[in-house]
Amino acid sequence: MSLLAVSNLAKRYRRGGKTVAAVDDVSFHIEPGETLALAGPSGSGKSTIARLVLRLVEADAGRIEFEGGDFLALTGAALRARRAHLQMVFQDPLAAFNPRATVARVLDDPLRIHGITSRSERPRRIAALLERVGLASDLAARAIHEISGGQRQRVAIARAIATKPSLIVLDEAVSALDVSVRGQILQLLLDLQREEGIAYLFISHDLGVIRAVAHRVVILDAGRIVESGDARTVIDAPQSTVGRALVAAAPRLSRQAG
Ligand SMILES: Nc1ncnc2c1ncn2[C@@H]1O[C@H](COP(=O)(O)OP(=O)(O)OP(=O)(O)O)[C@@H](O)[C@H]1O
Ligand SMILES: [Mg+2]
């Protein structure tokens with residue numbers, strides 16, 4: 001049984017009298033502990049799929065099964081409980097968190113909200129989470145806006161894993177980081193996956209990064225899947241026009257190929 005099974009997902013937006021099919025009849029699945037990447041040109045629907053899977057926006061049509069149940073049918077307490085297993089990391093943690101909040105506060109929230117750790121245990125759990133993502137525990141007292149972009153993304157990952165998720169949705173999570181920090185964060189994600197069996201829905205415009213971390217890739221264009229398969233196979237020899245164009249536009253890859 002797949003961890004996540006998305007079938008015939010659709011989402012339209014109305015814009016200036018026209019209807020845009022942001023996501024159009026999209027189906028894919030993610031197995032436990034697997035990384036599935038979404039690639040595609042700007043506006044192809046990657047972030048909309050992420051938001052639909054996280055139920056941040058409502059689908060027009062389609063089905064999402066998560067951990068064996070109908071995820072779109074959940075409401076109230078059942079939805080909150082299931083959501084603990086489905087976490088997210090976005091490109092810009094400064095926008096996702098209150099910049100004046102302390103790191104401890106950001107990590108305390110999910111533990112409190114999901115009732116995971118008793119109040120007296122939480123400081124120890126927060127220190128353990130920081131250590132797990134390679135940060136010193138004294139960072140807990142610092143404000144989000146005072147730490148570096150790489151440290152902030154580690155805090156975002158610590159927050160995501162606080163509720164012991166089975167799936168993390170990462171939307172351009174390493175795109176804003178410079179190359180060396182990006183490599184460290186990707187390694188952290190790979191380590192967490194190996195040790196905790198977490199699956200990732202990994203959205204990136206960087207095919208080099210996808211090739212390095214993803215098991216499978218889905219290529220989107222104008223809301224539709226145009227190609228999918230083993231990440232290296234697809235990226236090394238794309239069959240679709242859009243896939244070929246993406247590979248041709250990726251500087252490191254075209255150098256590799258040519
Ligand atoms: N809230 C919204 N209102 C209207 N149109 C939207 C909205 N969100 C997305 N769209 C449109 O849906 C389409 C898909 O957008 P989406 O953000 O999912 O693309 P993307 O693949 O994530 O692009 P990028 O690589 O630039 O992040 C685009 O045409 C976009 O303009
Ligand atoms: Mg996007």
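These numbers were taken from a predicted model, which means no experiment stands behind them. (Residues numbered from 1 in each chain as written. Chains lettered and ligands numbered in written order. Predicted model: local features only at pLDDT ≥ 70, side-chain atom pairs only at ≥ 80, totals over all residues. Heavy atoms only, no water.)

A. Looking closely at the site of ligand 1. Every residue near ligand 1 is listed here: Y13, R15, V20, A22, P41, S42, G43, S44, G45, K46, S47 and T48. In the environment of ligand 1, an oxygen atom lies 3.2 Å from a nitrogen or oxygen atom belonging to the backbone of S44. Between G45 and ligand 1, the recorded distance is 3.1 Å, taken from a backbone N or O atom to an oxygen atom. A total of 630 Å² of accessible area belongs to ligand 1 in isolation, and the protein chains cover 68% of it. Using a 2 Å cut-off from the grid points, one finds that ligand 1 occupies the second largest pocket. Among the elements that make up the shell around ligand 1, the one with the highest residue count is helix α1 (residues 46-53) (3 residues). (Near = heavy atom within 4 Å. Polar contact = N/O pair within 3.5 Å; in protein donor to acceptor, adjacent residues only side chain to side chain. Areas by Shrake-Rupley, 256 points an atom, 1.4 Å probe, with all protein chains shown as cover. 1 Å grid on protein atoms, 1.4 Å probe; cavity = no way out; pocket = protein on both sides within 12 Å on 5 of 7 lines; lining within 4 Å. Sits in = over half its atoms within 2 Å of the grid points. Helix = DSSP H or I, 4+ residues; strand = E, 2+ residues; numbered from the N terminus.)

B. Examining the UniProt feature "domain: ABC transporter" (unreviewed entry) in the protein chain more closely. As annotated in UniProt, the feature "domain: ABC transporter" (unreviewed entry) corresponds to residues 4-247 in the numbering used here. Taken end to end, residues 4-247 is 38% helix and 27% strand, and its first and last C-alpha atoms sit 27 Å apart. (UniProt positions renumbered as here; feature names shortened; annotations may be inferred.)

C. Focus on empty space enclosed by the protein. According to the stated counting rule, one finds 1 cavity of 30 Å³ or more in the structure shown. For the lining of the largest cavity, the elements supplying multiple residues, two or more each, are α7 (179-196) and β8 (199-203). With 4 residues, the top contributor of residues to the lining of the largest cavity is α7. Split by residue class, the lining of the largest cavity holds 6 nonpolar, 2 polar and no charged. (Points joined across faces, edges and corners; volume = space filled by probe spheres on them. Nonpolar A, V, L, I, M, F, W, Y, C, P; charged D, E, K, R; others polar.)

D. Here's a closer look at the layout of surface pockets. Of the voids in this model, the largest pocket is the one considered here, and its volume is about 370 Å³. Residue lining of the largest pocket: 19 residues in total, with L86, Q87, M88, H114 and R159 positioned closest to the centre. Among the secondary structure elements, those contributing two or more residues to the lining of the largest pocket are α2 (76-83), β6 (86-90), α3 (93-96), α4 (103-113) and α6 (149-161). It is β6 that provides the largest number of residues to the lining of the largest pocket, a total of 5 residues. Residue composition of the lining of the largest pocket, grouped by class: 13 nonpolar, 3 polar and 3 charged. Residues from two domains meet in the lining of the largest pocket; each of domain 1 (4-85 + 166-257) and domain 2 (93-164) gives at least three. Counted as a void, the second largest pocket has a volume near 250 Å³. The wall of the second largest pocket is formed by 17 residues, among which G43, S44, G45, K46 and T48 lie closest to the centre. (Domains from an automatic or database assignment.)

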